Amino acid sequence: MNDHQLLRYSRHILLDEIGIEGQQRLLAARVLVIGAGGLGSPAALYLAASGVGTLVLVDDDEVDLTNLQRQIIHTTERIGQPKVESAKAALTQINPEIDIIAVRERLAGERLAELVASATVVLDCSDNFKTRHAVNAACVAAGVPLVAGAAIRFDGQISVFDPRNASSPCYACLFPPGAGFEDVACSSMGVFAPLVGVIGAMQAAEALKLVIGIGASLAGRLLMLDGKYMEWTSIAVARDAACPVCSHRHDSALPS
Ligand SMILES: [Zn+2]
């Protein structure tokens, strides 16, 4: 780190749990953020400001007027631009010293597998079950930890699925594919603006902790927020021995 970086990241470096070594881990990390919307906005802003060396942003959508109530990385001026380009412009202004890779695609198949396998941590900031399940399966296959967030109306939730940890469930253990969970589009249901800020910022926090290797992650726990009454509920989630995605995980056997 040069003198300029020591100053930029000084408030991290002052933390005993992070220090120069932890900050260097952040600078060496490559974090994949799927979705540059309500959750992806605050998550990417904090990851960039914190000095994550390479941020890969994925979204195939464009900035729309209806996004601006909660997707705080975008601006009125950038309506009509690809979201990943708009986000890159905002992040570059905050931290021009990191690499930001904008991927304007709906990721699937080999391309998804490739980007997940090259990431230190993946953040699922998408808004539909199809993407969530595809991202989860790619993370399990590659052994890369996943920080998954969701928010609708006044309800938010967040968890970490860490395939490096034998006792950690995957997303499909918790929400089995084909179990009848319906997609609830925020276009029809509405979402309380700061809720995505709370959950997205927590996703960034979990990702930074995983990269640095401090504390305990949310692996094995689902945190749910009732934003109307500001009440958090934490429930323990276990691996499902019959999970179609991770039950045959070769790298770590199901704990007995
Ligand atoms: Zn599973």
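Residues numbered from 1 in each chain as written. Predicted model: local features only at pLDDT ≥ 70, side-chain atom pairs only at ≥ 80, totals over all residues. Heavy atoms only, no water.

1. Concerning the pattern of salt bridges
Operational definition: Salt bridges, as used here, are contacts in which a Lys or Arg side-chain nitrogen is within 4 Å of a carboxyl oxygen on Asp or Glu. Only DSSP runs of H or I covering at least 4 residues are called helices, and only runs of E covering at least 2 are called strands; the numbering of each starts at the N terminus. Throughout, exposure labels follow a simple rule: accessible area from a 1.4 Å probe, protein chains only, divided by the maximum for the residue type, with under 20% read as buried, over 50% as exposed, and the rest as partly exposed.
The full count for this structure, using the stated rule, is ten salt bridges. Among the salt bridges present, the one from E114 reaches R111, with a minimum N-O distance of 3.6 Å. Here E114 and its partner R111 are both found in helix α6 (residues 109-117), three residues apart, which amounts to about one turn of the helix. Residues D124 and R132 are paired through a salt bridge, measuring 3.9 Å at the closest nitrogen-oxygen approach. Summarising the burial analysis for this pair, D124 and R132 share the class buried. Beyond isolated ion pairs, a larger network of salt bridges with shared partners links E105, R111 and E114.

2. Side note on the side chain of Q23
Here is the rule: Pairing of N or O atoms within 3.5 Å defines a polar contact, subject to two protein rules: one partner must be a possible hydrogen donor and the other a possible acceptor, and residues neighboring in sequence count only if both atoms are side-chain atoms. What makes two residues a contact is simply this: any of their non-hydrogen atoms within 4.5 Å.
Along the chain, Q23 falls in helix α3 (residues 19-28). What makes Q23 buried here is its relative accessible area of 0%. At 2.9 Å, the side chain of Q23 and the backbone oxygen of S50 are in polar contact. Beyond its immediate stretch of four places on either side in the chain, Q23 contacts M1, Y9, H12, I13, I18, S50 and G51.

3. Re the packing of aromatic side chains
Convention followed: The pairing test for Phe, Tyr and Trp rings, Trp by its six-membered ring, is centres within 6.5 Å, and the orientation test on the planes gives stacked under 30 degrees, edge-to-face over 60, and tilted for anything in between.
Tallied over the full model, the rule gives four aromatic pairs. Centre to centre, the rings of F129 and F175 are 6.4 Å apart; their planes meet at 55 degrees, and the pair counts as tilted. On the criterion of sequence distance, the pair formed by F129 in helix α7 (residues 129-142) and F175 in the loop between α8 (171-174) and α9 (186-189) is long-range, its members being 46 residues apart. Classification of F129 as partly exposed rests on a relative accessible area of 21%. For the pair Y171 and F175, a centre-to-centre distance of 5.0 Å together with 40 degrees between the ring planes defines the contact as tilted. An aromatic cluster of at least three residues, connected via ring pairs, comprises F129, F161, Y171 and F175.

4. Details of the packing of helix α4 (residues 40-50) against helix α10 (residues 193-212)
Filter applied, for reference: Fitted lines through C-alpha atoms give the axes, limited to the stretch in contact for helices. The angle between two N-to-C directions lies from 0 to 180 degrees. The labels follow the angle: roughly parallel below 35 degrees, roughly antiparallel above 145, roughly perpendicular from 65 to 115, and oblique for the rest. Here a crossing is called left-handed whenever its near helix is offset anticlockwise from the far helix by less than a right angle, and right-handed whenever the offset is clockwise.
Taken N-terminus to C-terminus, the directions of α4 and α10 make an angle of 40 degrees; their axes are 7 Å apart at the nearest point. The orientation of α4 relative to α10 falls into the category oblique. Our pair here, α4 against α10, has a crossing hand that is right-handed. Every residue of α10 that contacts α4 at P42, A43, Y46, L47 and S50 is listed here: V196, G197, G200, A201, A204, A207 and L208.

5. Here we look at the coordination of the zinc ion
The following threshold applies: Coordinating N, O and S atoms are those within 2.8 Å of the metal (3.2 Å for Na, K and Ca), and as water is not part of the atoms, a site may appear to have fewer donors than expected. In these descriptions, tetrahedral denotes four donors with every angle between 85 and 135 degrees, square planar four donors and octahedral six donors with opposite donors over 155 degrees apart and the rest between 65 and 115, and irregular any other case.
Within the first shell, the zinc ion binds the protein through C170 (SG), C173 (SG), C243 (SG) and C246 (SG), at distances of 2.3 Å. Relative to the metal, the four donor atoms surrounding the zinc ion lie at angles of 93 to 123 degrees, and the coordination shape comes out tetrahedral. Of note, the zinc ion draws all its donor residues from one chain, in the sequence arrangement C-x2-C-x69-C-x2-C. One end of the pair, C170, is in the loop between β6 (155-161) and α8; the other, C243, is in the segment after β8 (231-236), with 73 residues separating them in the sequence. For the pair C170 and C243, one class covers both residues: buried.

6. Thoughts on the nonpolar core
Definition in use: Working definition of a nonpolar core: buried Ala, Val, Leu, Ile, Met, Phe, Trp, Tyr and Cys residues. They are joined through side-chain atoms within 4.5 Å.
Ranked by size, the top nonpolar core spans 41 residues in total, and within it L47, L55, L91 and L123 carry the most contacts. Secondary structure elements with two or more residues in this core: β1 (30-34), α4, β2 (54-58), α5 (83-94), β4 (121-124), β6, α10 and β7 (221-226). Ignoring any residue separated from it by four or fewer positions in sequence, one finds L47 in contact with V31, V33, V52, L55, L123, A204, A207 and L208. Listed in part, the 20 residues of the second largest apolar core include V56, A138, V144 and L146.

7. Here's the deal with α3
Note the following rule: Directions are taken from the helix axis to each C-beta atom, and the arc is the one they span.
Taken as a whole, α3 has its buried residues at G19, G22, Q23 and L26. Buried residues in α3, looked at end-on, bunch into an arc of 100 degrees, giving them a common side. Opposite the buried face of α3, by more than 90 degrees, sit the exposed residues E21 and A28. Those residues of α3 that are buried lie in contact with α2 (10-13), α4 and α10.

8. Side note on the pairing of β4
Keep this limit in mind: Pairing between two strands is assigned when DSSP locates at least 2 bridges connecting them. Crossovers are marked right-handed if the path from the first strand over the helix to the second runs clockwise, as seen with the strands pointing away from the viewer.
Here β4 shows a buried face lined by V121 and L123 and a second buried face lined by V122 and D124. Across four bridges, β1 lies against β4 in parallel orientation. When the bridges of β4 are listed, V31 appears paired with V121. Where the polypeptide runs from β4 across α7 and back to strand β5 (residues 146-152), its parallel neighbour, the crossover connection is right-handed.

9. Examining α5
How we decide: Between the first and last residue of a helix there are one fewer steps than residues, each counted as 1.5 Å, and that sum is the expected span.
Under the 1.5 Å per step criterion, the end-to-end length of α5 is 17 Å for twelve residues, consistent within 8% with the ideal 16 Å. Those residues of α5 that sit buried are K83, V84, S86, A87, A90 and L91. Buried residues of α5 fall within an arc of 160 degrees about the axis and therefore sit on the same side. Buried positions along α5 lie against α4, β2 and β3 (99-103).

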